[in-house]
Amino acid sequence: PVMESSGVLYSLATTAPGILAKIIYVTVLTIFLLSTRRHYTNQLILLPRSYIGKLRMARICRDVKSRVSGYLFTLATINVGLAAVTAVAFRIADIPHGLLWGVAYGLLNFVPIIGPTAIILSAAVYGLITGHTIFQMLLPPVLLLAIDTVEAYLVQPWLLSRRIIVSPVAIFVVVATLVWMWGAYAAITAIPALILLHTVAMHVPSMQAFATLLATEQDGVGIRRRR
């Protein structure tokens, strides 16, 4: 177990700088985009030549901003709950530093796939180092894996579909497809990209059939009525 944990620690140590550099890059890019969002929004609104086109673009920008904000708020709420559930579960399982594990898990879950994988691997290393039996070694990562499975495949798609009015099936398919095509980092932009695509489709008459396909059942009925 010691040699195995050493190998995992070495792997984490070699990949951590690259992951950290990408996180810093994305953070800096996000700050720049937020600081210039008004300028780019105005430029987008001025792109169409007709008044109807400008009005439609303004509505698209407004709805994208509102729905992405709703997505981020929902994700933050989920992660706060995830941190609390993890801390309580570790406390019940008598695993030390449950609050620390919960806070770390809640923060890392903002980075889809990469964050949960990192915390589960860390829990596996922790279990190998501190556990005296097979059960004690496996308990931390298995517990986190169970919580992550419920959150990622049940709680998050259901809550996000209600908040951003996009079908949970569409969320799951888009995230899985982008991760398969471009790797785990693509999961970070998968849902915002889906929100953008669905919002544009809702406002463009020729794409409203596609918007109905992506929408939840209740919202799909509303789109068909508008048509």
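Please refer to the structure higher up on the page.
Analysis parameters
Residues numbered from 1 in each chain as written. Predicted model: local features only at pLDDT ≥ 70, side-chain atom pairs only at ≥ 80, totals over all residues. Heavy atoms only, no water. Helix = DSSP H or I, 4+ residues; strand = E, 2+ residues; numbered from the N terminus. Buried < 20%, exposed > 50% of the residue type's maximum accessible area, 1.4 Å probe, protein only. Contact = heavy atoms within 4.5 Å. Areas by Shrake-Rupley, 256 points an atom, 1.4 Å probe, with all protein chains shown as cover. Patch = residues over 30% accessible without salt bridge, like charges linked within 9 Å, V, L, I, M, F, W, Y side chains within 5 Å. Salt bridge = Lys/Arg side-chain N within 4 Å of Asp/Glu carboxyl O. Phe/Tyr/Trp six-rings, centres within 6.5 Å; stacked < 30°, edge-to-face > 60°. Core = buried A, V, L, I, M, F, W, Y, C linked by side-chain atoms within 4.5 Å.

Novice: I would appreciate a short explanation of the overall build of the chain in the present structure.
Specialist: Helix and strand counts for the chain stand at 10 helices and 0 strands. The N-to-C order of helical and strand elements in the chain reads α-α-α-α-α-α-α-α-α-α. Expressed as a percentage of the 227 residues in the chain, the buried residues total 33%. In the chain, the proportion of contacts linking residues at least 24 apart, taken out of those at least 6 apart, comes to 56%. Carbon together with sulfur atoms contributes 72% to the accessible area of the chain, which is approximately 14300 Å² in total.

Novice: Teacher, can you tell me more about a nonpolar patch on the surface here?
Specialist: A grouping of Val150, Tyr153, Leu154, Val155, Val169, Phe172 and Val173 is seen on the molecular surface, where their side chains present a nonpolar patch of about 670 Å² in accessible area. Ranked by residue count, the leading element in the nonpolar patch is helix H6 (residues 134-164), at 4 residues. Here tyrosine 153 shows up in helix H6. The class for tyrosine 153 is exposed, based on a relative accessible area of 52%.

Novice: How do you make sense of the packing of aromatic side chains when you look at a structure like this?
Specialist: Each pair of aromatic rings is reported with the distance of its centres and the angle of its planes. For the coordinates displayed, the defined rule picks out 2 aromatic pairs. Pairing phenylalanine 90 with tryptophan 101 gives two aromatic rings, centres 6.0 Å apart and planes at 35°, and the pair type is tilted. Pair noted here: phenylalanine 90 is in helix H3 (residues 51-92) and tryptophan 101 is in helix H4 (residues 98-108), with a separation of 11 residues, a long-range link. Take tryptophan 101: its relative accessible area is 12%, and that puts it in the buried class. Measuring from ring centre to ring centre gives 5.5 Å for tryptophan 101 and tyrosine 126, while their planes differ by 65°; the resulting arrangement is edge-to-face. On the criterion of sequence distance, the pair formed by tryptophan 101 in helix H4 and tyrosine 126 in helix H5 (residues 114-130) is long-range, its members being 25 residues apart.

Novice: Sorry if this is basic, but what is going on with the pattern of salt bridges here?
Specialist: One side chain can pair with another of opposite charge once the charged atoms of both are near each other. Scanning the model with the defined rule gives 1 salt bridge in all. Arginine 62 is the salt-bridge partner of aspartate 63, the closest N and O atoms lying 3.0 Å from each other.

Novice: Would you take a moment to explain the nonpolar core for this structure?
Specialist: Nonpolar side chains tend to gather and get buried jointly when the protein is soluble and globular. Counting 15 residues, the largest nonpolar core has Tyr71, Ile171, Val175, Ile191 and Leu194 as the members making the most contacts within it. Mapped onto this core, the elements with two or more residues apiece are H3, helix H7 (168-182) and helix H8 (187-203). Of all the elements, H8 adds the most residues to this core, at 5 residues. Core analysis: the next-biggest nonpolar cluster, separate from the first, contains 12 residues, Leu82, Phe90, Ile119 and Leu139 among them.

Keep in mind these numbers describe shape, not what the thing actually does.
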